[in-house]
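Okay, here's what each chain looks like letter by letter:
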Amino acid sequence: MKYSGEPLVVLENVNKYFGDLHVLKDIDLAVGRGEVVVVIGPSGGGKSTLCRTINRLETIDSGKITLDGLPLPQEGRALARLRSEVGMVFQSFNLFAHKTILQNVTLGPVKVRKVPKAQAEQEAMALLERVGIASQAGKYPAQLSGGQQQRAAIARALAMRPKLMLFDEPTSALDPEMVAEVLEVMTDLAREGMTMIVVTHEMGFARSAARRVVFMADGQIVEESTPEEFFTEPRTERARDFLSKILRH
Amino acid sequence: MSALIENFDAIIAGFWSTIRLAAMSAVLSLLLGTLLVALRVSPVPVLRGMGTLYVTILRNTPLTLVLLFCALGISNTLQLNFDVEDPAFNGYWLAVLGLTAYTSTFVCETLRAGVNTVPMGQAEASRAIGLTFAQSMRMVILPQAFRAVIAPLGSVLIALIKNTTVVIVAGYAEAAFVMKDMLYESAGTVVMVFLGFAAGYMILTLPVGYLTGWLARRLAVRR
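Summary of the structure given here. (Residues numbered from 1 in each chain as written. Chains lettered and ligands numbered in written order. Predicted model: local features only at pLDDT ≥ 70, side-chain atom pairs only at ≥ 80, totals over all residues. Heavy atoms only, no water.)

Taken together, the contacts link 24 residues of chain A with 20 residues of chain B. Summing both sides of the interface, chain A and chain B together bury roughly 1900 Å²; the carbon and sulfur share of this comes to 62%. Our count for the contact surface shared by chain A and chain B stands at one salt bridge. For R52 of chain A, the salt bridge goes to E124 of chain B, with nearest N and O atoms at 2.6 Å. Between chain A and chain B we count seven residue pairs in polar contact (both at pLDDT 80 or more) in total. Sorting the residues of the side of chain A that touches chain B by element identifies helix 2 (76–84), strand 6 (86–89) and helix 3 (101–111) of chain A as the ones contributing at least two each. By residue number, the principal contributor to the side of chain A that touches chain B is helix 2 of chain A, which donates four residues. Of the residues assigned to the side of chain A that touches chain B, the class counts are twelve nonpolar, six polar and six charged. (Contact = heavy atoms within 4.5 Å. Buried area = accessible area lost by both parts, 1.4 Å probe. Salt bridge = Lys/Arg side-chain N within 4 Å of Asp/Glu carboxyl O. Polar contact = N/O pair within 3.5 Å; in protein donor to acceptor, adjacent residues only side chain to side chain. Helix = DSSP H or I, 4+ residues; strand = E, 2+ residues; numbered from the N terminus. Nonpolar A, V, L, I, M, F, W, Y, C, P; charged D, E, K, R; others polar.)

As C-alpha coordinates, this is what we get:
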(Lines give C-alpha, C1' and ligand atoms only; values in the text may rest on other atoms or scores of the structure.)
Protein backbone atom coordinates (compact mmCIF):
# COMPACT_ATOMS: atom_id res chain seq x y z
CA MET A 1 0.00 0.00 0.00
CA LYS A 2 1.68 3.19 -1.15
CA TYR A 3 0.70 6.75 -0.43
CA SER A 4 -2.39 7.54 -2.43
CA GLY A 5 -3.49 10.92 -1.11
CA GLU A 6 -6.73 9.41 0.17
CA PRO A 7 -6.99 10.53 3.82
CA LEU A 8 -6.94 7.88 6.55
CA VAL A 9 -6.85 10.12 9.61
CA VAL A 10 -8.41 13.56 9.63
CA LEU A 11 -8.31 16.02 12.53
CA GLU A 12 -10.53 19.06 12.21
CA ASN A 13 -10.46 21.99 14.57
CA VAL A 14 -9.27 19.87 17.48
CA ASN A 15 -8.91 21.60 20.85
CA LYS A 16 -7.78 20.16 24.14
CA TYR A 17 -7.19 21.64 27.55
CA PHE A 18 -5.37 20.30 30.60
CA GLY A 19 -7.17 22.45 33.16
CA ASP A 20 -6.32 26.01 32.14
CA LEU A 21 -3.58 24.93 29.80
CA HIS A 22 -4.61 24.99 26.15
CA VAL A 23 -2.49 22.11 24.82
CA LEU A 24 -4.01 21.66 21.36
CA LYS A 25 -5.22 24.77 19.54
CA ASP A 26 -7.45 24.36 16.48
CA ILE A 27 -5.45 21.49 15.04
CA ASP A 28 -6.22 20.59 11.43
CA LEU A 29 -4.30 17.67 10.03
CA ALA A 30 -4.97 15.02 7.41
CA VAL A 31 -2.77 11.98 7.04
CA GLY A 32 -3.10 9.96 3.86
CA ARG A 33 -3.13 6.21 3.53
CA GLY A 34 0.46 5.00 3.34
CA GLU A 35 1.83 8.37 4.37
CA VAL A 36 4.58 8.84 6.97
CA VAL A 37 4.30 12.06 8.93
CA VAL A 38 6.92 13.17 11.43
CA VAL A 39 5.78 15.51 14.18
CA ILE A 40 8.61 17.58 15.57
CA GLY A 41 8.88 20.48 17.98
CA PRO A 42 9.86 21.67 21.44
CA SER A 43 8.73 19.63 24.45
CA GLY A 44 5.44 20.74 25.95
CA GLY A 45 4.32 21.80 22.49
CA GLY A 46 1.52 19.21 22.29
CA LYS A 47 3.14 16.59 20.03
CA SER A 48 2.56 13.62 22.30
CA THR A 49 -0.92 14.77 23.21
CA LEU A 50 -1.77 15.04 19.51
CA CYS A 51 -0.48 11.52 18.94
CA ARG A 52 -2.45 10.16 21.89
CA THR A 53 -5.75 11.76 20.86
CA ILE A 54 -5.77 9.69 17.68
CA ASN A 55 -6.47 6.46 19.57
CA ARG A 56 -8.29 8.33 22.28
CA LEU A 57 -5.79 7.71 25.06
CA GLU A 58 -6.51 11.43 25.48
CA THR A 59 -10.01 12.76 24.93
CA ILE A 60 -10.52 16.04 23.08
CA ASP A 61 -12.63 19.00 24.19
CA SER A 62 -13.83 20.10 20.78
CA GLY A 63 -13.35 19.35 17.10
CA LYS A 64 -13.50 16.11 15.22
CA ILE A 65 -11.19 13.18 14.53
CA THR A 66 -12.07 10.57 11.93
CA LEU A 67 -10.32 7.36 11.01
CA ASP A 68 -11.22 5.87 7.65
CA GLY A 69 -14.07 8.38 7.44
CA LEU A 70 -15.65 7.34 10.74
CA PRO A 71 -15.53 9.49 13.89
CA LEU A 72 -13.67 7.97 16.85
CA PRO A 73 -16.10 6.08 19.14
CA GLN A 74 -16.60 7.57 22.61
CA GLU A 75 -16.07 4.47 24.72
CA GLY A 76 -16.83 0.80 25.25
CA ARG A 77 -16.35 -2.01 22.77
CA ALA A 78 -16.43 0.23 19.71
CA LEU A 79 -13.51 2.21 21.11
CA ALA A 80 -11.62 -0.99 21.96
CA ARG A 81 -12.15 -2.13 18.36
CA LEU A 82 -10.84 1.16 17.02
CA ARG A 83 -7.76 0.92 19.23
CA SER A 84 -7.10 -2.58 17.98
CA GLU A 85 -6.79 -1.08 14.49
CA VAL A 86 -4.36 1.63 15.55
CA GLY A 87 -0.94 0.46 16.70
CA MET A 88 0.81 2.49 19.36
CA VAL A 89 4.45 2.54 20.37
CA PHE A 90 5.35 4.39 23.57
CA GLN A 91 8.47 6.17 24.71
CA SER A 92 8.76 3.85 27.71
CA PHE A 93 7.96 0.64 25.71
CA ASN A 94 5.26 -0.44 28.20
CA LEU A 95 5.67 -4.13 27.51
CA PHE A 96 3.57 -6.24 29.89
CA ALA A 97 6.12 -6.89 32.63
CA HIS A 98 4.68 -10.22 33.80
CA LYS A 99 4.52 -11.80 30.35
CA THR A 100 7.23 -13.12 28.06
CA ILE A 101 8.02 -11.32 24.81
CA LEU A 102 6.07 -13.93 22.86
CA GLN A 103 3.07 -13.61 25.21
CA ASN A 104 3.25 -9.83 24.87
CA VAL A 105 2.91 -10.16 21.11
CA THR A 106 0.17 -12.82 21.11
CA LEU A 107 -2.08 -11.34 23.82
CA GLY A 108 -3.87 -8.87 21.52
CA PRO A 109 -4.35 -11.23 18.56
CA VAL A 110 -5.70 -14.05 20.78
CA LYS A 111 -7.93 -11.99 23.09
CA VAL A 112 -9.06 -9.20 20.76
CA ARG A 113 -8.83 -10.55 17.22
CA LYS A 114 -9.69 -14.11 18.40
CA VAL A 115 -6.91 -15.71 16.38
CA PRO A 116 -6.26 -19.35 17.43
CA LYS A 117 -3.28 -19.50 19.81
CA ALA A 118 -1.05 -21.65 17.62
CA GLN A 119 -1.56 -19.39 14.63
CA ALA A 120 -0.99 -16.26 16.74
CA GLU A 121 2.28 -17.71 18.01
CA GLN A 122 3.42 -18.53 14.52
CA GLU A 123 2.64 -15.01 13.33
CA ALA A 124 4.26 -13.53 16.44
CA MET A 125 7.47 -15.46 15.82
CA ALA A 126 7.51 -14.20 12.23
CA LEU A 127 7.14 -10.63 13.48
CA LEU A 128 9.85 -11.09 16.11
CA GLU A 129 12.06 -12.49 13.37
CA ARG A 130 11.35 -9.42 11.29
CA VAL A 131 12.38 -7.03 14.09
CA GLY A 132 15.41 -9.21 14.84
CA ILE A 133 14.64 -10.56 18.29
CA ALA A 134 13.17 -14.00 17.65
CA SER A 135 15.81 -15.52 19.94
CA GLN A 136 14.47 -13.47 22.86
CA ALA A 137 10.87 -14.75 22.55
CA GLY A 138 10.88 -16.69 25.83
CA LYS A 139 12.42 -13.92 27.95
CA TYR A 140 10.71 -11.32 30.10
CA PRO A 141 10.88 -7.62 29.17
CA ALA A 142 13.23 -6.75 32.04
CA GLN A 143 15.80 -9.19 30.64
CA LEU A 144 16.06 -7.27 27.34
CA SER A 145 17.92 -4.11 26.42
CA GLY A 146 15.92 -0.96 25.74
CA GLY A 147 16.35 -1.31 21.99
CA GLN A 148 15.17 -4.91 22.07
CA GLN A 149 12.18 -3.98 24.23
CA GLN A 150 11.15 -1.25 21.84
CA ARG A 151 11.43 -3.59 18.86
CA ALA A 152 9.27 -6.10 20.76
CA ALA A 153 6.76 -3.32 21.40
CA ILE A 154 6.66 -2.58 17.67
CA ALA A 155 6.06 -6.28 16.98
CA ARG A 156 3.26 -6.28 19.56
CA ALA A 157 1.58 -3.37 17.79
CA LEU A 158 2.06 -4.91 14.33
CA ALA A 159 0.52 -8.19 15.49
CA MET A 160 -2.85 -6.42 15.54
CA ARG A 161 -2.45 -5.71 11.81
CA PRO A 162 -3.11 -2.01 12.32
CA LYS A 163 -4.21 0.42 9.64
CA LEU A 164 -2.09 3.06 11.26
CA MET A 165 0.90 3.14 13.59
CA LEU A 166 1.47 5.89 16.15
CA PHE A 167 4.98 6.35 17.54
CA ASP A 168 5.25 8.59 20.59
CA GLU A 169 8.96 9.47 20.89
CA PRO A 170 9.99 5.84 20.35
CA THR A 171 13.74 6.44 20.69
CA SER A 172 13.83 9.11 23.39
CA ALA A 173 14.35 6.69 26.26
CA LEU A 174 17.07 4.70 24.50
CA ASP A 175 20.83 4.71 24.85
CA PRO A 176 22.39 6.23 21.72
CA GLU A 177 23.73 2.95 20.37
CA MET A 178 20.24 1.40 20.45
CA VAL A 179 18.49 4.17 18.57
CA ALA A 180 19.68 2.93 15.19
CA GLU A 181 18.25 -0.59 15.54
CA VAL A 182 14.80 0.80 16.31
CA LEU A 183 14.90 3.40 13.54
CA GLU A 184 15.90 0.68 11.11
CA VAL A 185 12.78 -1.31 11.91
CA MET A 186 10.67 1.83 11.55
CA THR A 187 12.29 2.74 8.23
CA ASP A 188 11.54 -0.74 6.87
CA LEU A 189 7.96 -0.38 7.99
CA ALA A 190 7.67 2.99 6.26
CA ARG A 191 9.12 1.53 3.08
CA GLU A 192 6.51 -1.24 3.15
CA GLY A 193 3.81 1.40 3.02
CA MET A 194 2.54 1.52 6.61
CA THR A 195 0.73 4.72 7.51
CA MET A 196 2.73 6.23 10.35
CA ILE A 197 2.56 9.25 12.60
CA VAL A 198 5.88 9.60 14.38
CA VAL A 199 6.69 12.04 17.15
CA THR A 200 10.47 12.22 17.12
CA HIS A 201 13.53 14.41 16.98
CA GLU A 202 15.43 11.98 14.78
CA MET A 203 16.12 14.09 11.72
CA GLY A 204 17.85 11.29 9.91
CA PHE A 205 14.68 9.24 10.11
CA ALA A 206 12.52 12.22 9.10
CA ARG A 207 14.69 12.80 6.05
CA SER A 208 14.87 9.19 4.93
CA ALA A 209 11.37 7.96 5.71
CA ALA A 210 8.91 10.83 6.09
CA ARG A 211 6.91 12.41 3.31
CA ARG A 212 5.98 15.35 5.49
CA VAL A 213 7.19 17.11 8.61
CA VAL A 214 4.73 18.83 10.93
CA PHE A 215 6.31 21.36 13.27
CA MET A 216 4.32 21.94 16.47
CA ALA A 217 4.90 24.55 19.14
CA ASP A 218 2.66 25.95 21.87
CA GLY A 219 -0.19 23.63 20.92
CA GLN A 220 -0.33 24.77 17.32
CA ILE A 221 0.84 23.42 13.99
CA VAL A 222 3.27 26.15 13.04
CA GLU A 223 4.66 24.75 9.83
CA GLU A 224 4.17 21.80 7.48
CA SER A 225 6.51 20.89 4.68
CA THR A 226 8.69 18.19 3.21
CA PRO A 227 11.62 17.11 5.40
CA GLU A 228 14.15 18.54 2.97
CA GLU A 229 12.45 21.93 2.91
CA PHE A 230 11.88 22.00 6.65
CA PHE A 231 15.42 21.22 7.68
CA THR A 232 17.16 23.39 5.08
CA GLU A 233 14.76 26.32 4.68
CA PRO A 234 12.29 26.59 7.54
CA ARG A 235 9.72 29.27 6.78
CA THR A 236 8.86 30.44 10.29
CA GLU A 237 11.00 32.16 12.90
CA ARG A 238 9.79 29.65 15.52
CA ALA A 239 11.03 26.70 13.48
CA ARG A 240 14.35 28.38 12.69
CA ASP A 241 14.84 29.06 16.40
CA PHE A 242 14.02 25.44 17.30
CA LEU A 243 16.27 23.97 14.62
CA SER A 244 19.17 26.20 15.57
CA LYS A 245 18.92 24.86 19.10
CA ILE A 246 18.85 21.19 18.18
CA LEU A 247 21.41 21.50 15.40
CA ARG A 248 23.99 23.58 17.22
CA HIS A 249 25.58 20.61 19.01
CA MET B 1 0.05 -30.40 80.41
CA SER B 2 -2.33 -33.18 81.34
CA ALA B 3 -5.32 -30.98 80.55
CA LEU B 4 -4.02 -30.58 77.00
CA ILE B 5 -3.34 -34.31 76.61
CA GLU B 6 -6.66 -35.40 78.07
CA ASN B 7 -8.54 -33.08 75.73
CA PHE B 8 -6.33 -33.73 72.74
CA ASP B 9 -9.14 -34.98 70.51
CA ALA B 10 -11.36 -32.01 71.30
CA ILE B 11 -8.47 -29.61 70.66
CA ILE B 12 -7.71 -31.20 67.29
CA ALA B 13 -11.40 -31.06 66.38
CA GLY B 14 -11.48 -27.40 67.40
CA PHE B 15 -8.46 -26.49 65.31
CA TRP B 16 -9.84 -28.49 62.40
CA SER B 17 -12.94 -26.29 62.57
CA THR B 18 -10.68 -23.24 62.66
CA ILE B 19 -8.86 -24.43 59.56
CA ARG B 20 -12.10 -25.12 57.68
CA LEU B 21 -13.43 -21.74 58.67
CA ALA B 22 -10.27 -19.87 57.74
CA ALA B 23 -9.69 -21.72 54.47
CA MET B 24 -13.20 -21.19 53.12
CA SER B 25 -13.26 -17.56 54.26
CA ALA B 26 -9.83 -16.97 52.71
CA VAL B 27 -10.89 -18.27 49.30
CA LEU B 28 -14.16 -16.34 49.31
CA SER B 29 -12.47 -13.17 50.65
CA LEU B 30 -9.91 -13.26 47.85
CA LEU B 31 -12.70 -13.61 45.28
CA LEU B 32 -14.91 -10.92 46.79
CA GLY B 33 -11.91 -8.65 47.46
CA THR B 34 -10.86 -8.92 43.80
CA LEU B 35 -14.38 -8.05 42.68
CA LEU B 36 -14.42 -5.09 45.08
CA VAL B 37 -11.11 -3.71 43.84
CA ALA B 38 -12.35 -3.98 40.26
CA LEU B 39 -15.34 -1.87 41.32
CA ARG B 40 -13.17 0.62 43.17
CA VAL B 41 -10.88 1.33 40.21
CA SER B 42 -13.53 1.04 37.48
CA PRO B 43 -14.22 3.98 35.17
CA VAL B 44 -17.94 3.96 36.10
CA PRO B 45 -18.65 6.36 39.01
CA VAL B 46 -21.68 4.38 40.28
CA LEU B 47 -19.65 1.17 40.56
CA ARG B 48 -16.77 3.02 42.23
CA GLY B 49 -19.22 4.50 44.72
CA MET B 50 -20.75 1.09 45.52
CA GLY B 51 -17.32 -0.43 46.10
CA THR B 52 -16.19 2.45 48.28
CA LEU B 53 -19.40 2.41 50.34
CA TYR B 54 -19.16 -1.32 51.02
CA VAL B 55 -15.49 -1.19 51.98
CA THR B 56 -15.93 1.88 54.19
CA ILE B 57 -18.81 0.35 56.14
CA LEU B 58 -17.46 -3.17 56.63
CA ARG B 59 -13.86 -2.20 57.24
CA ASN B 60 -14.82 0.22 59.99
CA THR B 61 -17.24 -2.09 61.82
CA PRO B 62 -15.75 -4.28 64.58
CA LEU B 63 -15.66 -7.92 63.52
CA THR B 64 -17.51 -8.88 66.72
CA LEU B 65 -20.45 -6.79 65.57
CA VAL B 66 -20.34 -8.22 62.06
CA LEU B 67 -20.40 -11.79 63.39
CA LEU B 68 -23.09 -11.05 65.98
CA PHE B 69 -25.17 -9.49 63.24
CA CYS B 70 -24.79 -12.68 61.18
CA ALA B 71 -25.78 -14.88 64.15
CA LEU B 72 -28.48 -12.74 65.71
CA GLY B 73 -29.59 -10.36 62.97
CA ILE B 74 -29.50 -12.49 59.85
CA SER B 75 -30.17 -15.88 61.42
CA ASN B 76 -32.44 -15.21 64.43
CA THR B 77 -34.31 -12.06 63.49
CA LEU B 78 -34.45 -12.14 59.71
CA GLN B 79 -34.69 -15.96 59.73
CA LEU B 80 -32.29 -16.20 56.79
CA ASN B 81 -30.44 -19.48 57.27
CA PHE B 82 -28.32 -21.86 55.28
CA ASP B 83 -29.92 -24.95 56.90
CA VAL B 84 -32.01 -24.74 60.09
CA GLU B 85 -32.03 -28.53 60.50
CA ASP B 86 -28.25 -28.67 60.93
CA PRO B 87 -27.02 -26.06 63.48
CA ALA B 88 -23.31 -26.86 62.98
CA PHE B 89 -23.58 -26.47 59.22
CA ASN B 90 -25.66 -23.33 59.60
CA GLY B 91 -23.25 -21.83 62.17
CA TYR B 92 -20.28 -22.61 59.95
CA TRP B 93 -21.68 -20.81 56.92
CA LEU B 94 -22.95 -17.84 58.95
CA ALA B 95 -19.44 -17.48 60.38
CA VAL B 96 -17.90 -17.79 56.91
CA LEU B 97 -20.33 -15.13 55.70
CA GLY B 98 -19.29 -12.70 58.43
CA LEU B 99 -15.56 -13.36 58.13
CA THR B 100 -15.69 -13.03 54.34
CA ALA B 101 -17.73 -9.84 54.39
CA TYR B 102 -15.17 -8.33 56.76
CA THR B 103 -11.89 -9.73 55.43
CA SER B 104 -12.69 -9.02 51.77
CA THR B 105 -12.46 -5.28 52.50
CA PHE B 106 -8.86 -5.71 53.66
CA VAL B 107 -8.09 -7.86 50.63
CA CYS B 108 -9.60 -5.12 48.44
CA GLU B 109 -7.54 -2.35 50.00
CA THR B 110 -4.34 -4.41 49.86
CA LEU B 111 -4.97 -5.18 46.19
CA ARG B 112 -5.71 -1.53 45.52
CA ALA B 113 -2.27 -0.68 46.88
CA GLY B 114 -0.97 -3.33 44.47
CA VAL B 115 -2.82 -1.76 41.54
CA ASN B 116 -1.09 1.50 42.37
CA THR B 117 2.32 -0.16 41.97
CA VAL B 118 1.51 -1.05 38.35
CA PRO B 119 2.79 1.75 36.09
CA MET B 120 0.17 3.74 34.16
CA GLY B 121 1.84 2.67 30.91
CA GLN B 122 0.74 -0.95 31.45
CA ALA B 123 -2.92 0.07 31.37
CA GLU B 124 -2.34 2.37 28.40
CA ALA B 125 -0.58 -0.35 26.45
CA SER B 126 -3.39 -2.80 27.11
CA ARG B 127 -6.00 -0.28 26.02
CA ALA B 128 -3.90 0.52 22.96
CA ILE B 129 -4.04 -3.09 21.71
CA GLY B 130 -7.82 -3.06 22.11
CA LEU B 131 -8.40 -4.83 25.41
CA THR B 132 -11.58 -3.76 27.20
CA PHE B 133 -11.42 -2.50 30.80
CA ALA B 134 -12.37 -5.92 32.17
CA GLN B 135 -9.81 -7.73 30.00
CA SER B 136 -7.09 -5.29 30.90
CA MET B 137 -7.87 -5.71 34.61
CA ARG B 138 -7.93 -9.50 34.38
CA MET B 139 -4.96 -10.06 32.11
CA VAL B 140 -2.58 -7.20 32.78
CA ILE B 141 -3.29 -5.10 35.88
CA LEU B 142 -4.51 -7.55 38.53
CA PRO B 143 -1.90 -10.27 37.85
CA GLN B 144 0.82 -7.69 38.43
CA ALA B 145 -1.01 -6.14 41.39
CA PHE B 146 -1.39 -9.57 43.05
CA ARG B 147 2.29 -10.35 42.71
CA ALA B 148 3.20 -7.00 44.24
CA VAL B 149 1.14 -7.60 47.39
CA ILE B 150 1.53 -11.32 48.11
CA ALA B 151 3.38 -10.61 51.37
CA PRO B 152 0.82 -8.07 52.66
CA LEU B 153 -1.95 -10.47 51.60
CA GLY B 154 -0.20 -13.02 53.81
CA SER B 155 -0.67 -10.63 56.73
CA VAL B 156 -4.36 -10.35 55.88
CA LEU B 157 -4.64 -14.16 55.87
CA ILE B 158 -2.84 -14.42 59.22
CA ALA B 159 -5.20 -11.82 60.66
CA LEU B 160 -8.10 -13.85 59.26
CA ILE B 161 -6.87 -17.06 60.93
CA LYS B 162 -6.62 -15.30 64.28
CA ASN B 163 -9.92 -13.50 63.72
CA THR B 164 -11.70 -16.87 63.59
CA THR B 165 -11.49 -16.77 67.40
CA VAL B 166 -14.05 -13.98 67.36
CA VAL B 167 -16.55 -16.47 65.90
CA ILE B 168 -16.91 -17.56 69.55
CA VAL B 169 -19.56 -14.82 69.90
CA ALA B 170 -21.60 -16.47 67.16
CA GLY B 171 -21.51 -19.80 68.98
CA TYR B 172 -19.70 -21.85 66.37
CA ALA B 173 -17.31 -24.36 67.96
CA GLU B 174 -13.79 -23.64 66.72
CA ALA B 175 -10.51 -23.82 68.67
CA ALA B 176 -11.08 -20.79 70.92
CA PHE B 177 -14.50 -22.20 71.84
CA VAL B 178 -12.85 -25.47 72.91
CA MET B 179 -10.29 -23.51 74.91
CA LYS B 180 -12.95 -21.55 76.73
CA ASP B 181 -14.64 -24.83 77.77
CA MET B 182 -11.34 -26.22 78.97
CA LEU B 183 -10.58 -23.12 81.01
CA TYR B 184 -13.84 -23.56 82.91
CA GLU B 185 -13.21 -27.24 83.56
CA SER B 186 -9.54 -27.23 84.56
CA ALA B 187 -8.98 -23.96 86.37
CA GLY B 188 -5.59 -25.02 87.77
CA THR B 189 -3.86 -25.29 84.41
CA VAL B 190 -4.88 -22.00 82.86
CA VAL B 191 -1.38 -20.91 81.81
CA MET B 192 -0.63 -24.27 80.22
CA VAL B 193 -3.89 -24.24 78.26
CA PHE B 194 -3.22 -20.70 77.03
CA LEU B 195 0.30 -21.60 75.91
CA GLY B 196 -0.90 -24.75 74.21
CA PHE B 197 -3.53 -22.92 72.20
CA ALA B 198 -1.19 -20.04 71.36
CA ALA B 199 1.25 -22.62 69.97
CA GLY B 200 -1.61 -24.18 68.03
CA TYR B 201 -2.43 -20.90 66.32
CA MET B 202 1.23 -20.35 65.54
CA ILE B 203 1.41 -23.73 63.85
CA LEU B 204 -1.30 -22.44 61.52
CA THR B 205 -0.05 -18.89 60.98
CA LEU B 206 3.73 -19.26 60.74
CA PRO B 207 3.65 -21.38 57.56
CA VAL B 208 1.28 -18.84 55.95
CA GLY B 209 3.83 -16.10 56.65
CA TYR B 210 6.76 -18.12 55.31
CA LEU B 211 4.87 -19.40 52.29
CA THR B 212 3.64 -15.97 51.21
CA GLY B 213 7.09 -14.47 51.81
CA TRP B 214 8.65 -17.14 49.61
CA LEU B 215 5.98 -16.71 46.91
CA ALA B 216 6.41 -12.93 46.97
CA ARG B 217 10.12 -13.29 46.21
CA ARG B 218 9.57 -15.98 43.61
CA LEU B 219 6.78 -14.26 41.70
CA ALA B 220 8.03 -10.66 41.95
CA VAL B 221 7.59 -8.81 38.65
CA ARG B 222 10.91 -7.43 37.42
CA ARG B 223 10.74 -4.01 35.82
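Moving on to the sheet that holds strand 4 (residues 62–67) of chain A. Two orientations exist for strands paired in a sheet by backbone hydrogen bonds: parallel and antiparallel. All names here are of chain A. Sheet architecture is open: four strands sit in the order 2-1-4-5, paired in antiparallel fashion. The outermost strands of the open sheet, each flanked by one partner alone, are strand 2 (21–32) and strand 5 (70–71). The sheet contact formed by strand 1 (residues 7–18) and strand 2 spans eight bridges and is antiparallel. Counterpart to V9 in the pairing with strand 2 is V31. (Pairing = 2+ DSSP bridges.)

For the rest of this paragraph, the subject is the packing of helix 2 (residues 8–40) of chain B against helix 9 (residues 175–185) of chain B. All names here are of chain B. Remark: helix 2 packs on helix 9, axes separated minimally by 7 Å, with the N-to-C direction vectors making an angle of 150°. When the axes of helix 2 and helix 9 are compared, the pair comes out roughly antiparallel. Contact with helix 2, carried on its side by A10, I11, G14, F15 and T18, involves A175, V178 and M182 of helix 9 and no other residues of that element. (Axes fitted to C-alpha atoms, helices over the stretch in contact; angles between N-to-C directions. Parallel < 35°, antiparallel > 145°, perpendicular 65-115°, else oblique.)

A few words now on empty space enclosed by the protein. Under the counting rule described, the total for this entry stands at one cavity of 30 Å³ or more. The computed volume of the largest cavity comes to approximately 70 Å³. Lining the largest cavity are 14 residues; nearest its centre among them are G87, M88 and A157 of chain A together with A128 and I129 of chain B. (1 Å grid on protein atoms, 1.4 Å probe; cavity = no way out; pocket = protein on both sides within 12 Å on 5 of 7 lines; lining within 4 Å. Points joined across faces, edges and corners; volume = space filled by probe spheres on them.)

On a regular strand, one side chain projects to one face of the sheet and the next to the other, so that they alternate. Residue and element names in this part refer to chain A. Summarising the sheet, strand 9 (residues 212–217) and strand 10 (residues 220–225) pair through five bridges and their orientation is antiparallel. From the neighbouring strand, M216 faces strand 10, where its bridge partner is I221. A loop of two residues connects strand 9 with strand 10, the two strands running antiparallel in sequence, and D218 in this loop sits at a positive phi of about 50°.

Here we take up the packing of aromatic side chains. Residues and elements named next belong to chain B. Applying the stated rule across the entire model yields ten aromatic pairs over all chains. Seen in terms of ring centroids, F82 and W93 are 6.1 Å apart; in terms of plane orientation they differ by 40°. Their pairing is tilted. Taken as a pair, F82 in the loop between helix 4 (63–77) and helix 5 (87–117) and W93 in helix 5 lie far apart in primary sequence, eleven residues in all. Consider the rings of Y92 and W93, whose centres lie 5.2 Å apart with planes at 85°: the pair is edge-to-face. You can call W93 partly exposed: its relative accessible area is 23%. Grouping aromatic residues by their ring pairs yields a cluster made of F82, F89, Y92, W93 and Y172. Taking NZ or CZ as reference, R20 lies 4.6 Å from the ring centre of Y92, over its face. (Phe/Tyr/Trp six-rings, centres within 6.5 Å; stacked < 30°, edge-to-face > 60°. Buried < 20%, exposed > 50% of the residue type's maximum accessible area, 1.4 Å probe, protein only. Lys NZ or Arg CZ within 6 Å of the ring centre and 35° of its normal.)

For the rest of this paragraph, the subject is helix 4 of chain B. All names here are of chain B. Maximal helix bending in helix 4 amounts to about 35°, located at F69. Where helix 4 is concerned, the buried positions are L63, V66, L67, C70, A71, G73, I74 and S75. For helix 4, the elements touching its buried residues are helix 3 (45–59), helix 5 and helix 8 (150–163). Where helix 4 ends, the next residue or the one after it, Q79, has phi of about 60°, a positive value. (Bend = angle between axes of the 7 residues up to and from the residue.)

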